[in-house]
Amino acid sequence: MSGLAFTRADFPPGFLFGVATSAYQIEGHAQGGAGRTHWDDFAATPGNVVRAEDGARACDHLNRWAEDLDLIRDAGLDIYRFSASWARVLPEGRGAVNQEGLDFYDRLVDGMLARGLKPALTLYHWELPSALNDLGGWRNRDIAGWFADFTETLCRRIGDRLWSTAPINEPWCVGWLSHFLGGHAPGLRDIRATARAMHHVGLAHGRAIEVMRGLGMGNLGTVCNFEYALPRSQSDEDRAAARRYDGIYNRWFLGAMFKGAYPEDVLDGLGPHMPEGWQADMGTICQKLDWLGLNYYTCKRIAHAPGPWPSLSEHIGDLPQTQMGWEICPEGLHHFLHFVQGHTGDLPLYVTENGMANPDSPDAPDQARIDYLNQHLAAGKRAIAEGVPLKGYIVWSLLDNYEWAFGYEKRFGLVHVDFESLQRRPKASYYALRDALAQS
Ligand code: FCB
């Protein structure tokens, strides 16, 4: 067995390492006075989630957070990227505050600081309060105001101690995956809903940034996911389809947030379904940011397909795959670090999620994950050497957790979780990372 092929000295001084989690995936959402979320509703609907599992108990992080923070500190990591649940703070999404929820995040942030960890908050990692979904959720333009109010409520309490904050995790998933592909809550397959969600998610991002600037908070950014779109064949049709996929996935939010404009080729399809007057919102969406985070996992082979826009189909190629069936393609990370820099220039970049699911048992070393991390860190190092301002790398995830529509089956953790006993057991990849970071 071999470990990680790098030490801190292989990266520029000040380069930061971290781990990420999200609220609904680990906390145990049935506890502590949290409100119901659209993920509870989605999971309770047959056919949406493997074994209809939900986040009611998850990793019970709500009660075991101190042990979890100790694991992060003991690995020698710098950053803990976590998220807060909107419905834990505001059970109905608006109005009455759940003080117990605010107290929890307050303690959690203090717990990070006490352990020398940098708290990197994401305000929204997908658990929309059900009461807001009743009102149309991301389809309703009012969500930007509701989200701004939630941002203010939470950040007035903990905003003074955060190292960084991003409003929304992976806008593509909130917009496209949840409203066009139907793979995530609320499980819609509707192009009009999609266009609205794809716009309102940007608007909510912009409003949250304004609120946080108003509170005097700094180091504000955005976390987008990117998927490397490769044409299935070199035919003109497949190449055009891959370009459309790339536009929807990788260029829509980047264009809006950094250039104040949506890509024309995506507007070809979504334009007719956009909410009236959307053009006037572009200034709000395009805020000055302090950093951008890339979540990167895989590539996809795209082919032309008959039928309405975007007229494409997705395929898997021949590279080795993870437990998710995702191809392992570190080249894509290298591609996106340069591609994003083309939009963001000197802005600091972070890999805010990268990692793999593997059918781990606590006793067998997860060498596949160590290899995955090695390959992607090598891609990052290469980009740095070529001038990309990459400032940190954050592994998804600290713990095995609730992997959304896949339930508890897909294990992404550096630490194994037994979902019966809730016992945590660090995997070989955890120790490999700890050993690499301990060397200088
Ligand atoms: C990302 C999500 C995260 C997790 C990983 C595997 O898209 O941000 O919550 O599900 O994928």
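Since we're looking at a predicted model, the values are computed, not measured. (Residues numbered from 1 in each chain as written. Predicted model: local features only at pLDDT ≥ 70, side-chain atom pairs only at ≥ 80, totals over all residues. Heavy atoms only, no water.)

Caption draft 1: Representation of empty space enclosed by the protein. Counted according to the given criterion, the structure contains five cavities of 30 Å³ or more. Estimated volume of the largest cavity: approximately 80 Å³. Lining the largest cavity are 13 residues, and of these Arg81, Ala120, Ser164, Trp291 and Thr352 sit closest to its centre. Secondary structure elements with two or more residues in the lining of the largest cavity: strand S2 (79-83), strand S3 (118-124), strand S4 (164-168) and strand S8 (349-353). Looking at the lining of the largest cavity element by element, the count peaks at three residues for S3. Among the residues forming the lining of the largest cavity, the class breakdown is nine nonpolar, three polar and one charged. Roughly 60 Å³ of internal volume is contained in the second largest cavity. Lining the second largest cavity we find His38, Trp39, Tyr124, Trp126, Trp138, Cys173, Val174, Ser178, His179, His184, Ala185 and Pro186. (1 Å grid on protein atoms, 1.4 Å probe; cavity = no way out; pocket = protein on both sides within 12 Å on 5 of 7 lines; lining within 4 Å. Points joined across faces, edges and corners; volume = space filled by probe spheres on them. Helix = DSSP H or I, 4+ residues; strand = E, 2+ residues; numbered from the N terminus. Nonpolar A, V, L, I, M, F, W, Y, C, P; charged D, E, K, R; others polar.)

Caption draft 2: Expanded view of helix H9 (residues 191-214). With 24 residues, H9 extends 35 Å between its outermost C-alpha atoms, agreeing within 8% with the 34 Å of an ideal straight helix rising 1.5 Å per residue. The buried fraction of H9 is high, at 18 of 24 residues. By the N-cap criterion, in which a side-chain oxygen at the helix start approaches the backbone nitrogen of a residue two or three places on, H9 is capped by Asp190, the distance to Arg192 being 2.9 Å. Just past H9, the residue Gly216 takes up positive phi, approximately 85°. (Expected span 1.5 Å × (residues − 1). Buried < 20%, exposed > 50% of the residue type's maximum accessible area, 1.4 Å probe, protein only. Polar contact = N/O pair within 3.5 Å; in protein donor to acceptor, adjacent residues only side chain to side chain.)

Caption draft 3: Here's a closer look at the site of the ligand. Around the ligand sit Gln25, His125, Trp126, Asn169, Glu170, Tyr297, Glu353, Trp396, Glu403, Trp404 and Phe412, and those are all the residues in its vicinity. In this structure, an oxygen atom belonging to the ligand sits 2.8 Å away from a side-chain N or O atom of His125. Trp404 places a polar side-chain atom, nitrogen or oxygen, 3.0 Å from an oxygen atom of the ligand. Surface burial for the ligand is 94%, taken as the share of its 300 Å² of free accessible area covered by protein chains. Assessed atom by atom at 2 Å from the grid points, the ligand resides in the largest pocket. (Near = heavy atom within 4 Å. Areas by Shrake-Rupley, 256 points an atom, 1.4 Å probe, with all protein chains shown as cover. Sits in = over half its atoms within 2 Å of the grid points.)

Caption draft 4: The arrangement of the layout of surface pockets in detail. For the largest pocket, the calculated volume is near 650 Å³. Elements represented by at least two residues in the lining of the largest pocket include exactly helix H8 (171-179), strand S5 (221-231), helix H10 (236-259) and strand S6 (291-304). It is S6 that provides the largest number of residues to the lining of the largest pocket, a total of four residues. Empty space within the second largest pocket amounts to approximately 220 Å³. Taken together, 15 residues form the lining of the second largest pocket, with Trp176, Phe180, Leu181, Pro310 and Leu312 sitting closest to its centre. Among the secondary structure elements, those contributing two or more residues to the lining of the second largest pocket are H8, H10 and strand S7 (312-315). With three residues, H10 is the single largest residue contributor to the lining of the second largest pocket. Residues of the lining of the second largest pocket, tallied by class, amount to twelve nonpolar, one polar and two charged.

Caption draft 5: Structural detail: the pattern of salt bridges. In this structure the tally under the stated criterion is 36 salt bridges. Within this structure, Asp103, Asp106, Asp110, Arg157, Asp160 and Arg161 form a network of salt bridges that share partners. (Salt bridge = Lys/Arg side-chain N within 4 Å of Asp/Glu carboxyl O.)

Caption draft 6: Structural context of the packing of helix H7 (residues 143-158) against H9. Where H7 contacts H9, the two axes come as close as 8 Å, and the packing angle between them is 35°. Judged by the twist between their axes, the crossing of H7 over H9 is right-handed. Across the interface between the two elements, Ile143, Ala144, Gly145, Phe147, Ala148, Thr151, Glu152 and Cys155 of H7 pack against His200, Leu203, Ala204, Arg207, Ala208, Val211 and Met212 of H9. Here the contact of H7 with H9 is composed, by residue class, of ten nonpolar, three polar and two charged. (Axes fitted to C-alpha atoms, helices over the stretch in contact; angles between N-to-C directions. Left-handed = near helix turned anticlockwise from the far one by under 90°. Contact = heavy atoms within 4.5 Å.)

Caption draft 7: Examining the nonpolar core more closely. Counting residues in each nonpolar core, the largest one holds 148 residues, and the members touching the most others are Trp86, Trp138 and Leu154. No other element matches the eleven residues that H10 contributes to this core. Setting aside chain neighbours within four positions, we find Trp86 in contact with Gly93, Tyr124, Glu127, Leu128, Pro129, Leu132, Ile143, Trp146, Phe147 and Phe150. (Core = buried A, V, L, I, M, F, W, Y, C linked by side-chain atoms within 4.5 Å.)

Caption draft 8: Examining helix H13 (residues 330-344) more closely. Look at H13: 21 Å from first C-alpha to last across 15 residues, which is about the 21 Å you get at 1.5 Å a residue. Residues of H13 that are buried include every one of Gly332, Leu333, His334, Phe336, Leu337, Val340, His343 and Thr344, and no others. In this fold, the buried residues of H13 make contact with S5, H10, S6, S8, helix H14 (367-385) and strand S9 (390-396). Once H13 finishes, Gly345 follows within two positions and takes phi at roughly 60°, a positive value.

Caption draft 9: Representation of unusual backbone geometry. With an omega of 10°, the peptide bond running from Trp309 to Pro310 counts as cis. Structurally, the position occupied by Pro310 is in the loop between S6 and S7. Here the residue pair Trp396 and Ser397 is connected by a cis peptide bond, since its omega of 15° sits within 30 degrees of zero. Of note, the phi angle at Ser311 is positive, near 50°, even though the residue is not glycine. As for its placement among the helices and strands, Ser311 is situated in the loop between S6 and S7.

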